[in-house]
Amino acid sequence: KVLCAPFMGDAKFVIGWAMVGRAEFAYLIAQMAASADMMDQDTFSIVIWALLYATVFAPLIFRKVLARYVARHFNIEDGEHTEDGLKEVAH
């Protein structure tokens, strides 16, 4: 994902933040690692708190990043799509 991001153009932050909140599988992996004694309780706690923060805050940040992307690439007032995101609006 990280290597592909520079080639995604303006949508790279929208795509990236949309993928952050997907932590269901990470909880399972953390639990399996803790039960197999691959990490101690302190590390497990840090991982779980990090996943909780990502799960809670990622949708909020994604909403802001998506709104900025849509505002940059779509004319919100009349619904017209702008090709390059640089269309000037008459005042």
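Bear in mind the structure is a predicted one, so any value in this text is a computation, not a measurement.

1. Some remarks on the overall build of the chain
Then comes step 1: Summing up its helical and strand segments, the chain has three helices and zero strands in all.
Then comes step 2: Its helices and strands in sequence order give the chain the pattern α-α-α, from N to C terminus.
Then comes step 3: Long-range pairs, those at least 24 residues apart, make up 47% of the contacts in the chain with a sequence separation of at least 6.
Then comes step 4: When the accessible surface of the chain is split by element, carbon and sulfur atoms take 66% of a total near 7500 Å².

2. Description of helix α3 (residues 41–73)
Then comes step 1: Under the 1.5 Å per step criterion, the end-to-end length of α3 is 46 Å for 33 residues, consistent within 8% with the ideal 48 Å.
Then comes step 2: Taken as a whole, α3 carries its principal kink of about 35° at F57; the proline P59 stands between one and four residues after it.
Then comes step 3: Where α3 is concerned, the buried positions are F44, I48, L51, A58, V65 and H73.
Then comes step 4: In this structure, the buried side of α3 is in contact with α1 (12–20) and α2 (24–35).

3. Here's the deal with the packing of aromatic side chains
Then comes step 1: Under the definition given, this model contains two aromatic pairs.
Then comes step 2: Between W49 and Y53 the ring centres are 6.1 Å apart and the planes differ by 40°, which places this aromatic pair in the tilted class. Of this pair, W49 and Y53 are both found in helix α3, four residues apart, which corresponds to roughly one turn of the helix.
Then comes step 3: A relative accessible area of 52% places W49 in the exposed class.
Then comes step 4: On the numbers, 6.0 Å between centres and 25° between planes, the contact of Y53 with F57 is stacked. Separated by four residues within a single helix, Y53 and F57 lie in helix α3, roughly one turn from each other.
Then comes step 5: Accessibility expressed as a relative area gives 41% for F57, which makes it partly exposed.
Then comes step 6: The structure contains a cluster of three or more aromatic residues connected by ring pairs, namely W49, Y53 and F57.

4. Quick notes on α2
Then comes step 1: For α2, spanning twelve residues, the distance from its first C-alpha to its last is 17 Å, which sits close to the expected 16 Å at 1.5 Å a residue.
Then comes step 2: Along α2, the positions that sit buried rather than exposed are A30, A33 and A34. Projection of α2 onto a plane perpendicular to its axis shows the buried side chains occupying an angular sector of 100°, all on one side. Turned more than 90 degrees away from the buried face of α2, the exposed residues are E24, F25 and S35.
Then comes step 3: The elements touched by buried residues of α2 are α3.
Then comes step 4: Two residues or fewer past α2, D37 is found with a positive phi of approximately 55°.

5. What about a positive patch on the surface?
Then comes step 1: Residues R63, K64, R68 and R72 make up a contiguous surface patch of positive charge.
Then comes step 2: With respect to the helices and strands, the residue R68 is situated in helix α3.

Rules used in this analysis
- Residues numbered from 1 in each chain as written.
- Predicted model: local features only at pLDDT ≥ 70, side-chain atom pairs only at ≥ 80, totals over all residues.
- Heavy atoms only, no water.
- Helix = DSSP H or I, 4+ residues; strand = E, 2+ residues; numbered from the N terminus.
- Contact = heavy atoms within 4.5 Å.
- Areas by Shrake-Rupley, 256 points an atom, 1.4 Å probe, with all protein chains shown as cover.
- Expected span 1.5 Å × (residues − 1).
- Bend = angle between axes of the 7 residues up to and from the residue.
- Buried < 20%, exposed > 50% of the residue type's maximum accessible area, 1.4 Å probe, protein only.
- Phe/Tyr/Trp six-rings, centres within 6.5 Å; stacked < 30°, edge-to-face > 60°.
- Arc of directions from axis to C-beta.
- Patch = residues over 30% accessible without salt bridge, like charges linked within 9 Å, V, L, I, M, F, W, Y side chains within 5 Å.
- Salt bridge = Lys/Arg side-chain N within 4 Å of Asp/Glu carboxyl O.
- Lys, Arg positive; Asp, Glu negative; His and termini not counted.
- Charge placed at Lys NZ, Arg CZ, Asp CG, Glu CD.

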